[in-house]
Amino acid sequence: MNFKTLAAVFAVLAVVFIATTGFLAATAGSASHTVTQTVTSTATTTANGSVSTSQGGTAIGIAYTKTLGFYLTNGTGWTLYLFTKDTPNSGLSTCYGQCETFWSPLQGSISSLFLPPGLNASSFGTITRTDGTKQITYEGWPLYYYLGDKAAGQTNGQNKDNTWFVVNVPSISVPSTTTSQTSSTSIASSTSTTSSSGYSPGY
Amino acid sequence: MLGVFAINVYIGVYDTNLSQFSPLHWDLNWVLAAVDLAAAVILLANPRGIIWKSLAGVVWPVVYVANLFIDVETRLCLGTPASTCSPTVSDAYQYLILGSTNQEWDLWPYTIRLAIGLAIVTLILVALSLYLAKKGSDRISM
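### Topic: the overall build of chain A
Across its full length, chain A carries 2 helices and 12 strands. Here chain A holds 203 residues, and the buried ones make up 38% of them. For chain A, contacts bridging at least 24 residues in sequence account for 75% of all contacts bridging at least 6.

What follows is the structure, encoded as structure tokens:
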């Protein structure tokens, strides 16, 4: 391969690079628009960390799969996760900054938590994040959504970086199908903050 | 530049955050890898003229490193949905440049720092080579 050929290859690649960069700049707005719509629809169930209810509370649900067992979701089936770098019952979250963009905290008030049958209200609590918002905890573990879950029922964050896991809960019943979900039906009026009982992450 | 090319391939293959949450940046990463490879081939061919050597060994490393710091300055927002923007420039720096696992960087923490280092070493060596070549040709012409 002579130098002229190499120069031509480099020139073509440079043009492609410049064209791609221009394309990125030109499409940034439309790309944001498209994704914003997705995020907005997600935000109604995730960014607020709750499902809107007539009482304005935060709904919790339980889902089941053969491989993961019973695990926590919000009221519309979006999977909740715990972060093993957090220390349970410490009252603190370690996920801030870029981490928080990928793993958004489940926010809400413990006094208006809607729980399904089989979950104990005393297992739930809240911690205060550095921005002053309240994040809901289960057995002392702060709860999060995963940005990589694009629909209810997905568990794409399971075992991510060996630090993120779905939040397993004790068996409540044997489901009739492989995957099922129990929606929130009862209202818990707990005022506890964190639980002192031990907890094994779901892995 | 071959090392930088290898790093870009490593990022493209293993950075699940990039491919999942920022597909445009992921595509751009492959473009960077292609240009890295072209620059490496040009430098290995050791052309006589200084134009291509300068482009591949001086301009491109500068553009490459500048591109990373533009990403930091823009909080990783360019061409991506607002939901994946880093909250602050400092967070973006810790994530992208320092590879902080607390910020959810899921590759080898020194990946980007190594790429920057290799680009700078290339820049210095090529600049030195061009300088010495120019000095030599000046002596001959005298």
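### Let's talk about the overall build of chain B
Counting its regular elements, chain B contains 6 helices and 0 strands. Ordered by position in the sequence, the α and β elements of chain B form the string α-α-α-α-α-α. Counting every position in chain B, which comprises 142 residues, the buried fraction comes to 35%. For chain B, restricting intrachain contacts to residue pairs at least 6 apart in sequence, the fraction spanning at least 24 positions comes to 56%.

### Here's the deal with the packing of helix α3 (residues 23-45) of chain B against helix α4 (residues 50-73) of chain B
Residues and elements named next belong to chain B. Packing of α3 against α4 brings their axes to within 9 Å, and their N-to-C directions diverge by 145 degrees. For the element pair α3 and α4, the recorded crossing hand is left-handed. For the pair α3 and α4, contact is made by L32, V35, A39, I42 and L43 and by W52, K53, A56, G57, W60 and Y64, respectively.

### What to know about the sheet that holds strand β6 (residues 124-128) of chain A
Residue and element names in this part refer to chain A. Read across the sheet, 3 strands follow the order β6-β7-β8 without closing on themselves; strand pairing throughout is antiparallel. Across the chains shown, the open sheet's two edge strands, defined by having one partner strand only, are β6 and β8 (141-142). Looking at chain direction, strand β7 (residues 134-138) and β8 are connected through 2 bridges and run antiparallel. Bridge pairing in β8 places Y138 opposite W141.

### Here we look at the confidence of the model for chain B
Considering every residue of chain B, the mean pLDDT works out to 91; 97% of them sit at 70 or more. Interface confidence for the predicted complex, given as ipTM, is 0.81, next to a pTM of 0.72.

### Details of helix α5 (residues 89-97) of chain B
Every α-helix winds through 3.6 residues per turn, so residues three or four apart in the chain are directed the same way. All of the buried residues along α5 of chain B are D91, A92, Y93, Y95 and L96 of chain B. At the exit of α5 of chain B stands G99 of chain B, carrying a positive phi of roughly 60 degrees.

### Re the confidence of the model for chain A
The predicted structure's coordinates, where accompanied by low pLDDT, should not be read in detail. All names here are of chain A. Considering every residue of chain A, the mean pLDDT works out to 70; 56% of them sit at 70 or more. Long-range and interchain partners of residues 16-55, a stretch whose pLDDT sits below 50, account for 49 contacts in this model, where long-range means more than four residues apart. This model gives residues 174-203 a pLDDT under 50, and the stretch forms 75 contacts once residues within four places in sequence are excluded.

### Details of the packing of helix α1 (residues 2-14) of chain B against α3 of chain B
All names here are of chain B. One way to put it is that α1 packs onto α3 with a least axis distance of 8 Å and a crossing angle of 160 degrees. Relative to α3, the element α1 lies roughly antiparallel. Of the two elements, α1 crosses α3, and the hand of that crossing is left-handed. Here α1 contributes L2, V4, F5, N8, V9, I11 and G12 to the contact with α3, which in turn contributes W26, N29, W30, L32, A33, D36, L37 and A40. Across the contact of α1 with α3, the residue classes break down as 11 nonpolar, 3 polar and 1 charged.

### Describing α1 of chain B
Residue and element names in this part refer to chain B. When the terminal C-alpha atoms of α1 are compared, their 18 Å separation across 13 residues agrees well with the 18 Å that a helix rising 1.5 Å per residue should span. Buried within α1 are the following residues: V4, F5, I7, N8 and I11. Considered in projection along α1, the buried side chains sweep an arc of 160 degrees and stay on one side of the axis.

### Details of the nonpolar core
The nonpolar side chains of a soluble globular protein tend to be buried, and buried together. Grouped together as the largest cluster of nonpolar side chains are 38 residues, with contacts concentrated most on L72, L80, Y81, W103, L143, Y144 and V167 of chain A. The set of elements that each furnish at least two residues to this core consists of β1 (58-65), β2 (69-74), β3 (81-83), α2 (98-102), β5 (113-115), β7, β9 (144-146) and β10 (164-166) of chain A. A total of 5 residues in this core trace back to one element, the largest contributor, which is β1 of chain A. Dropping the residues within four chain positions of it, W103 of chain A is found in contact with Y81, F83, C95, Y144, Y145 and Y146 of chain A. Of all hydrophobic cores here, the second largest spans 29 residues; its members include I11, V35, L43 and A56 of chain B.

### Quick notes on the pairing of β2 of chain A
Residues and elements named next belong to chain A. For β2, the buried fraction is high: 5 of the 6 residues fall into the buried class. One ladder, built from 6 bridges, connects β1 with β2; its direction is antiparallel. Bridge pairing in β2 places A63 opposite Y71. The turn linking β1 back onto β2 is made up of 3 residues.

### Re the pairing of β7 of chain A
As a general feature of sheets, a regular strand has side chains that alternate between the two faces. Across the 5 residues that make up β7 of chain A, a large majority, 4, are buried. Connecting the antiparallel pair β6 of chain A and β7 of chain A is a turn made up of 5 residues, with G132 of chain A showing a positive phi of about 90 degrees.

### Description of the environment of A59 of chain A
Residue and element names in this part refer to chain A. With respect to the helices, strands and loops of the structure, A59 is situated in strand β1. A59 sits in the buried class, given 24 other C-beta atoms within 10 Å. In this structure the C-alpha to C-alpha distance between A59 and G75, which are 16 residues apart in sequence, comes to 4.6 Å.

What counts, and at which threshold
Residues numbered from 1 in each chain as written. Chains lettered and ligands numbered in written order. Predicted model: local features only at pLDDT ≥ 70, side-chain atom pairs only at ≥ 80, totals over all residues. Helix = DSSP H or I, 4+ residues; strand = E, 2+ residues; numbered from the N terminus. Buried ≥ 20, exposed ≤ 12 C-beta atoms within 10 Å, placed from the backbone. Contact = placed C-beta atoms within 7 Å. Axes fitted to C-alpha atoms, helices over the stretch in contact; angles between N-to-C directions. Left-handed = near helix turned anticlockwise from the far one by under 90°. Pairing = 2+ DSSP bridges. pLDDT = per-residue confidence, 0-100. Parallel < 35°, antiparallel > 145°, perpendicular 65-115°, else oblique. Nonpolar A, V, L, I, M, F, W, Y, C, P; charged D, E, K, R; others polar. Expected span 1.5 Å × (residues − 1). Arc of directions from axis to C-beta. Core = buried A, V, L, I, M, F, W, Y, C linked by C-beta atoms within 7 Å.

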